[in-house]
Amino acid sequence: LAVAPVTGPPSSVDGFVREFLNNLNYEQGVALSSSSPNDRYLALAYTVRDYLMARWLEDQRRQREVQAKGVCYLSAEYLLGRQLDNNLLAARLTDIATEAMAACGIDIDDLRQLEVEPGLGNGGLGRLAACFIDSLATMSVPSTGYGLRYEYGIFRQTFVDGEQIEQPDAWLTLGSPWEFPHPEAAQTIGFGGYTEKYDDEGVARSRWVPGWTVQAVPYNYMVPGYHNGRVNTLRLWSAVASSAFDLRIFNAGDYAEAVRAQTFAENISKVLYPEDSTPQGKELRLQQQYFFVAASIHDFLEHSLSPDFDLANLPDRVIFQLNDTHPVIAVPELMRVLVDEKGMKWDAAWAITQQCFAYTCHTLLPEALEMWSVDLLGRLLPRHLEIIYRINDEFLAAVRERFGDDEMRIRNMSIIADFPERSVRMAFLATVAGAKVNGVAELHSQLLREKVLPDFDEFYPGKFTNVTNGVTPRRFVRLANPGLASLITEALGAGWTVDLERLRGLEAFAEDPEFRAKFAEVKAANKRRLSDVLRTRDGFEVSDGHMLDVMVKRLHEYKRQMLKVLHIVTLYEGIASGRVAAADVQPRTFIFGAKAAPGYVMAKRIIHLINAVGSVVNADPRVEGRLQVLFPPNYNVTLAERVIPAADLSEQISLAGKEASGTGNMKFALSGALTIGTDDGANVEIRQLVGDDNFFLFGMTEPEVEALWAKGYKPSDFYQADEGLRRAIDLIASGAFSGGDRSTFEPIVSNLLYDDRFMVLADYASYIAAQARVDAAYADQDAWTRSSILNVARSGFFSSDRSIRDYIDRIWHTPPVL
Ligand SMILES: CCc1ccc([C@H](C)CC(=O)N[C@@H]2O[C@H](CO)[C@@H](O)[C@H](O)[C@H]2O)cc1
């Protein structure tokens, strides 16, 4: 049967209208006149899908035909953001769709607002994965993103009396038009049970007999490349019970028991764990990790390789990139499949496995490194534990071979740790198994080698490398900042969207007063747009003419939102005490965005304090509106796309040596915000590229932090020595922001004075001095605009396309297939 290739509807307004009405009628089953806004949104989404379908099907066919080496990106999180605009942009349909909707009497912007963003991630790691799959598609690299289709994503944050309240994120309620379920391609995933040894024609073999199974149902999402006609796939797994509810038990009347197995199974992909730095070690989390990586490996071996493919050549066909340690259980899973199911010899299987994996580490915090107890692993994945033990035995034998019986080194390098309880150090397993290990910024990769995994760097010369993070210019410049995008295109032509280094061409324009004026107008327009959004979304009135000083990221003590609070309180205290005339204070609006992990008590207290300070400062007539604190709840990708283009000042103030990279910092620089920051993570590379004159550096360097720590850090010494700091802390301690109740924020105050692990007090003076430099610089708007343009011009390096190019050159060796 000669089937005509799928062509897709005509790229014309009429064609789009016809397709839209078809989807409204036949997919939604409604007429335009009786359709609901959600019907219209879904029909619009279906229509955009239809335009991308031909490319997707063609791409899948070609990837199967070409058999080129590809990337399987394994990530427990993808913070995708809204899909409609990105898909319209990729398919060059934005104008056509806008006109087509108008032709139907619909304002496309009303439909845009209806899209619920899939919040399938916590923060940096999840968003990076989303930027990376966008770049992989735009650069025509054969690749598939694999992950979990959580029924509930990152919680919705609201504030009650200034305190964070979490609500479930039921993002699927109104349907999810961008996904394609494929129950027919479900994988059966085992858990529990036992292992048994058996003899296979004289060869001792092991097999795993799972105690129970779950079905992993794949949902495919389109990942369209920008203007290259390519569409890659994101495959997210959803858990479904292998056996539906038990009719016999049901008929016996025990309804709860009848569905218990079902609920138990489907819990696996029920909800995203909202922690982004401290693993809770919960069994369900390990189930989630094994569930999606096992399904992904089986799926790849089954659907991407020809049935007669010789697995010895697997490293020529695929690299599994481990997005942190969360998917590293994939290593023993591949070994189990190759040895137990495919009958391969251990050594051959191990040689293949070591070439098929690479590991990216995203953190420096020791507490964020995952460890799974051998008890739990042995119970849930008994065969995998056996395999890990053997990997470790052979690894330690090689270490002994190289370094002799250096028991301390052996214990330090063992994948199995004995303290606090016998457990598997997942970062060590990833490092031993990975062909390459990379950090996500120069400083981070250096600290990984020197501080976190020095023994491994010595044992595996050449294994450690760096790939500095990046962000996609499609979403964070072209879509989020259309004013800036058209100004850049006007000046440099359109090529920058896929070749961001071309932004360098703007340097010359920084000297052009006319261009500076246009640039400043773009920023002003973005500020007006943000203030409209915050008025409708949260009822905030953003004060006009204020510098927008923005700090948006997860709430974590190492990111030091507390340092920002102390700056605000210092400015406020100066005015409230009458020592500083309000008129002498540079008008600023401080915008915060931050979710705290629900179990992170101190982080939630800091959120409460920020809101408390905000309500006092915003209401105090003595401030004469010179200072404003706004904390819109539920910071997410959609809000980031409105806040970042409007920002004047980007707060990147973590303690040096704690933030692996940061990616918000890059988005701000690309939007012309100037950075006030420490030499931490990618701030170092931003400062090196934009130039010291265009960056407000402050604080200790990482070696200075280490030195102070080693010397013995007494935060109260800094409190005693610095009057401004003392006034600010005393004001918080006084209950001034808690209705006179000193106990409310006492835990924060005493933590700062007697613990202060992230040295807020030590960097306070330098920070306040830097903020004074910011005020002075902002007073000269034209010079500020010039500096802002230079930030954009010199930040092309921070494109995720460049990151992907580095991964291809240094780790994957998967050239684009054009
Ligand atoms: C198991 C709990 C858990 C969950 C998530 C994580 C992530 C690794 C945390 C994270 O998102 N790290 C951030 O990754 C970004 C992308 O590389 C970096 O830019 C940030 O600096 C880093 O904090 C650690 C531990």
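This one's a predicted model, so the numbers in the text were calculated from it and none came from an experiment.

Asker: Would you take a moment to explain the site of the ligand for this structure?
Answerer: Close to the ligand lie 21 residues; His 362, Asn 469, Glu 659, Ser 661 and Gly 662 are nearest. Within the backbone of Leu 125, a nitrogen or oxygen atom sits 3.0 Å from an oxygen atom of the ligand. It is helix H6 (residues 124–138) that provides the largest number of residues to the shell around the ligand, a total of 3 residues. Its residues assigned to classes, the shell around the ligand comprises 7 nonpolar, 8 polar and 6 charged. Of the domains in this structure, domain 2 (67–82 + 117–467) and domain 3 (473–804) are the two that each give at least three residues to the shell around the ligand.

Asker: What should I look at first to understand the sheet that holds strand S23 (residues 649–652) in this one?
Answerer: The strands making up a sheet associate through backbone hydrogen bonding, with each pair oriented either parallel or antiparallel. Reading across the sheet, the 6 strands line up as S22-S21-S20-S23-S24-S25 and stay open at both edges, with parallel pairing between neighbours. Looking at the sheet topology across the chains shown, the edges are occupied by strand S22 (627–630) and strand S25 (695–697). Across the sheet, the mean angle separating the axes of adjacent strands is 20° when strand polarity is ignored. In the packing of helix H21 (residues 513–538) onto the sheet, the strands contacted are strand S20 (547–552), strand S21 (588–593) and S22, and the crossing angle to S20 comes to about 60°.

Asker: Quick question: what am I supposed to make of the packing of helix H22 (residues 561–576) against helix H23 (residues 601–619) here?
Answerer: Between two packed helices, both the angle of their axes relative to each other and the distance between the axes serve to describe the pair. Interaxial distance between H22 and H23 falls to 11 Å at its minimum, and their mutual angle equals 20°. It follows from the interaxial angle that H22 and H23 lie roughly parallel. Here H22 and H23 pass one another in a crossing that is left-handed. Across the interface between the two elements, Gln 561, Met 562, Val 565, Ile 568, Val 569 and Tyr 572 of H22 pack against Ile 606, Leu 609, Ile 610, Val 613, Val 616 and Val 617 of H23. Tallied by class, the residues present in the contact of H22 with H23 amount to 11 nonpolar, 1 polar and no charged.

Asker: Looking at this model, I keep getting lost on the UniProt feature "modified residue: N6-(pyridoxal phosphate)lysine" (unreviewed entry) in the chain. Mind explaining?
Answerer: As annotated by UniProt and renumbered to match this structure, "modified residue: N6-(pyridoxal phosphate)lysine" (unreviewed entry) occupies Lys 667. Lys 667 gets classed as buried once you look at its relative accessible area, which sits at 9%. Discounting residues that sit within four places of it in the chain, Lys 667 has contacts with Arg 127, Val 471, Phe 476 and Ile 644.

Asker: Help me understand the environment of Asp 648 in this model?
Answerer: The residue Asp 648 is located in the loop between helix H24 (637–643) and S23 in this model. Take Asp 648: its relative accessible area is 4%, and that puts it in the buried class. Sequence separation between Asp 648 and Asp 347 is 301 residues; the distance between their C-alpha atoms is 57 Å. Beyond its immediate chain neighbours, meaning those up to four positions away, Asp 648 contacts Lys 523, Lys 527, His 546, Met 547, Leu 548, Ala 673, Leu 674, Tyr 778 and Trp 784. Within the structure, the side chain of Asp 648 is placed 3.3 Å from the side chain of Tyr 778, a separation counted as a polar contact.

Asker: Please clarify how the domain arrangement of the chain should be interpreted in this entry.
Answerer: Interfaces are often sized by the accessible area lost when the parts come together. Each domain of the chain was delimited in the assignment, giving domain 1 (1–66 + 91–116), domain 2 (67–82 + 117–467) and domain 3 (473–804). Between domain 1 and domain 3, the C-alpha centre-to-centre distance is 40 Å.

Asker: It is not clear to me how the pattern of salt bridges should be interpreted in this structure. Could you clarify?
Answerer: Oppositely charged side chains are able to pair whenever their charged atoms sit close together. Tallied over the full model, the rule gives 60 salt bridges. Residues Arg 449 and Asp 457 are paired through a salt bridge, measuring 3.4 Å at the closest nitrogen-oxygen approach. You can call Arg 449 partly exposed: its relative accessible area is 35%. Across the pair Arg 727 and Glu 723 runs a salt bridge whose closest N-O atoms are separated by 2.5 Å. Here Glu 723 and Arg 727 lie together in helix H29 (residues 723–733), a separation of 4 residues that amounts to about one turn. Arg 727 gets classed as partly exposed once you look at its relative accessible area, which sits at 29%. Taking relative accessible area as the criterion, Glu 723 reaches 43% and is therefore assigned partly exposed. Residues participating in the shared-partner salt-bridge network are Asp 549, Lys 564, Arg 588, Glu 651 and Asp 775.

Asker: Before we go on, may I ask you to explain a nonpolar patch on the surface in this structure?
Answerer: Together, Phe 245, Leu 247, Phe 250, Tyr 255 and Val 259 give the surface a local cluster of nonpolar side chains, amounting to about 450 Å² of exposed area. Breaking the nonpolar patch down by element, the ones donating at least two residues are helix H7 (247–251) and helix H8 (255–266). Among the structural elements, Phe 245 can be located in the loop between strand S12 (231–241) and H7. For Phe 245, a relative accessible area of 36% translates into the label partly exposed.

Asker: Mind showing me how you'd approach the pairing of strand S1 (residues 70–74) here?
Answerer: Regular strands place side chains that alternate from one sheet face to the opposite one. Where burial is concerned, most of S1 is hidden: 5 out of the 5 residues are buried. Side-chain alternation along S1 places Gly 70, Cys 72 and Leu 74 on one buried face and Val 71 and Tyr 73 on a second face that is also buried. Sheet topology note: the S1/strand S13 (residues 318–323) ladder contains 5 bridges and is parallel. Following the sheet pairing, Gly 70 is matched in S13 by Val 318.

Reading guide: rules and limits
- Residues numbered from 1 in each chain as written.
- Predicted model: local features only at pLDDT ≥ 70, side-chain atom pairs only at ≥ 80, totals over all residues.
- Heavy atoms only, no water.
- Near = heavy atom within 4 Å.
- Polar contact = N/O pair within 3.5 Å; in protein donor to acceptor, adjacent residues only side chain to side chain.
- Helix = DSSP H or I, 4+ residues; strand = E, 2+ residues; numbered from the N terminus.
- Nonpolar A, V, L, I, M, F, W, Y, C, P; charged D, E, K, R; others polar.
- Domains from an automatic or database assignment.
- Pairing = 2+ DSSP bridges.
- Axes fitted to C-alpha atoms, helices over the stretch in contact; angles between N-to-C directions.
- Contact = heavy atoms within 4.5 Å.
- Parallel < 35°, antiparallel > 145°, perpendicular 65-115°, else oblique.
- Left-handed = near helix turned anticlockwise from the far one by under 90°.
- UniProt positions renumbered as here; feature names shortened; annotations may be inferred.
- Buried < 20%, exposed > 50% of the residue type's maximum accessible area, 1.4 Å probe, protein only.
- Salt bridge = Lys/Arg side-chain N within 4 Å of Asp/Glu carboxyl O.
- Patch = residues over 30% accessible without salt bridge, like charges linked within 9 Å, V, L, I, M, F, W, Y side chains within 5 Å.
- Areas by Shrake-Rupley, 256 points an atom, 1.4 Å probe, with all protein chains shown as cover.

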